[in-house]
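Close look at the chain arrangement
Here is how the chains run, residue by residue.
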Amino acid sequence: MTEPIAETARVFRFAPSPNGFLHLGHAFSALFNLKLARACGGNLLLRIEDIDPVRSLRLYEDALIEDLDWLGLVWTGTPRRQSEHMAAYRGALEGLARRGLVYPCFCSRGDIAKNCGSRPDWSRDPDGAFLYPGTCRELTAARQKARIKAGAQGSWRLDMAKALGEIGAPLSYREFHEGGSAQIVTAEPFAWGDALIARRDAPASYHLACVLDDHAQGVTDVARGADIEPATGLHRLLQALLGLRTPSYHHHRLVLDEAGRKLSKSKSSPSLRDLRRQGYSAVDVRAELSRRMQVEL
Ligand code: GLU
């Protein structure tokens, strides 16, 4: 359900990816954001993170809107779709490229695995992927052009050392807690190495699109799952490089299944529509989430 935009200082958002049906974890995050927004008279925005052109399906977008409506989520304005803002992402990416802070990378995931997988102590990023070994970092402009001319489609990586050098000082952000207290946290972007900033098939990755959108939508408070917490350090660095505002962050506990595992769209976690079909109401879902998470929703 949508409601008119209130002129207020605080703006929250819920930003699902339409690559599967929503489950209880999404329901918690959405309702928790609504609760936080309501508590301070703020707005809750909805953003459709459909930056991945292969896995994002309109079918899932329609389904998630229907599920959120059923759940009783109320958001302000029209949902923002990332696929409609590619020009803005491209502009930011080109700006970083002009400053020499990103470089095109022609390595496939398989190339990187072959290169790093045989080295038992090779580090991984917070998502579990091998840290990029830097193969394409030193390609000359002529070789980059030749690869593109030969039909190679590059993704884009942040030159982490250069980026940190340009910023010079440690970065931090504000992490707020449910009771209203907050602390200043030091950002740790280096754990990502030369992070992927733009996909082969889109001028942004999740990280770049997310910080640009949070800024464009005037988001002041980001409440999202603890699994995304390691990305916040990288987001803080991108904000500093691009001159974007930094929201306050809250990383909430994840809803786990009976066996204590994280819910997943691809594994067999029941979706909200499964639960609905089984006869559960939105009130039942809220009550179950409040019980499991010990948070009144
Ligand atoms: N699109 C992400 C997801 O569905 C959420 C990212 C965020 O909240 O920053 O997990």
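This write-up is about the structure you can find in this document. It should be emphasised that the depicted structure is a prediction, and the values quoted were computed from it without experimental measurement.

Close to the ligand lie Arg13, Ala15, Pro16, Ser17, Glu49, Tyr206, Cys210, Arg224 and Ile228, which account for all nearby residues. A distance of 2.7 Å separates an oxygen atom of the ligand from a polar atom in the side chain of Arg13. Between Ser17 and the ligand, the recorded distance is 2.9 Å, taken from a side-chain N or O atom to a nitrogen atom. In isolation the ligand exposes 300 Å². Once the protein is present, 78% of that is buried. Across the shell around the ligand, the residue classes break down as five nonpolar, one polar and three charged.

Bringing the pairing of strand S9 (residues 182-186) into the picture now. Each regular strand carries side chains that alternate between the two faces of the sheet. As defined by bridge partners, strand S8 (residues 172-176) adjoins S9 across five bridges and the pair is classed as antiparallel. Looking at the pairing, Ser172 lines up with Thr186 of S9.

Looking now at the sheet that holds strand S6 (residues 102-105). Strand order across the open sheet formed by three strands is S6-S7-S10, with antiparallel pairing between neighbours. Edge strands, defined here as strands with exactly one partner in the open sheet, are S6 and strand S10 (196-198). The mean angle between the axes of side-by-side strands here comes to 45°, regardless of whether they run parallel or antiparallel. In terms of strand pairing, S6 meets strand S7 (residues 155-158) through four bridges, oriented antiparallel. Its bridge partner lying in S7, Cys105 is registered against Ser155.

Right, let's talk about the side chain of Asp50 for a bit. Structurally, Asp50 is set in the loop between strand S3 (43-48) and helix H2 (58-71). Despite its burial, Asp50 pairs with no opposite charge, the nearest such side chain being Arg81 at 4.6 Å. Within the local environment of Asp50, its side chain forms a polar contact with the side chain of Ser83, the two groups lying 2.7 Å apart. Those residues within four positions of Asp50 in sequence are excluded, and the remaining contacts are Pro18, Ser56, Arg81, Gln82 and Ser83.

What follows concerns the nonpolar core. Side chains of a nonpolar character, in soluble globular proteins, are inclined to be buried together. Formed by 35 residues in total, the largest nonpolar core has its most connected members in Leu158, Ile197, Leu237 and Leu241. Of all the elements in the fold, those that place two or more residues in this core are helix H3 (86-98), helix H6 (160-167), S10, helix H7 (206-216) and helix H8 (229-242). Tallying contributions element by element places H8 first for this core, with five residues. Discounting chain neighbours no more than four positions away, the residues touching Leu237 are Leu158, Met160, Ala163, Leu164, Ile167, Leu171 and Pro189. Grouped together as the second largest cluster of nonpolar side chains are 32 residues, Leu64, Leu71, Leu272 and Leu275 included.

Okay, unusual backbone geometry next. Non-glycine residue Gln294 carries a positive phi angle of around 55°. The topology assignment puts Gln294 in the segment after helix H10 (282-293).

Tracing the chain through its elements places Pro270 in the loop between strand S12 (248-252) and helix H9 (272-277). Overall, the relative accessible area of 36% leaves Pro270 in the partly exposed class. Residues contacting Pro270, with those up to four places away along its chain left out, are His23, Leu24 and Leu275.

Axis angle and axis distance: for two packed helices, these are the angle between their axes and the distance between the axes, and together they describe the pair. Interaxial distance between H7 and H8 falls to 9 Å at its minimum, and their mutual angle equals 60°. The orientation of H7 relative to H8 falls into the category oblique. Along this stretch, H7 crosses H8, giving a crossing that reads as right-handed. Note on element contacts: H8 touches H7 through Ala231, Leu234, His235, Leu238, Gln239 and Leu242, opposite Tyr206, His207, Leu208, Cys210, Val211 and Leu212. For the contact of H7 with H8, the class distribution of residues is nine nonpolar, three polar and no charged.

The rules behind each value
- Residues numbered from 1 in each chain as written.
- Predicted model: local features only at pLDDT ≥ 70, side-chain atom pairs only at ≥ 80, totals over all residues.
- Heavy atoms only, no water.
- Near = heavy atom within 4 Å.
- Polar contact = N/O pair within 3.5 Å; in protein donor to acceptor, adjacent residues only side chain to side chain.
- Areas by Shrake-Rupley, 256 points an atom, 1.4 Å probe, with all protein chains shown as cover.
- Nonpolar A, V, L, I, M, F, W, Y, C, P; charged D, E, K, R; others polar.
- Pairing = 2+ DSSP bridges.
- Helix = DSSP H or I, 4+ residues; strand = E, 2+ residues; numbered from the N terminus.
- Axes fitted to C-alpha atoms, helices over the stretch in contact; angles between N-to-C directions.
- Buried < 20%, exposed > 50% of the residue type's maximum accessible area, 1.4 Å probe, protein only.
- Lys, Arg positive; Asp, Glu negative; His and termini not counted.
- Salt bridge = Lys/Arg side-chain N within 4 Å of Asp/Glu carboxyl O.
- Contact = heavy atoms within 4.5 Å.
- Core = buried A, V, L, I, M, F, W, Y, C linked by side-chain atoms within 4.5 Å.
- Parallel < 35°, antiparallel > 145°, perpendicular 65-115°, else oblique.
- Left-handed = near helix turned anticlockwise from the far one by under 90°.

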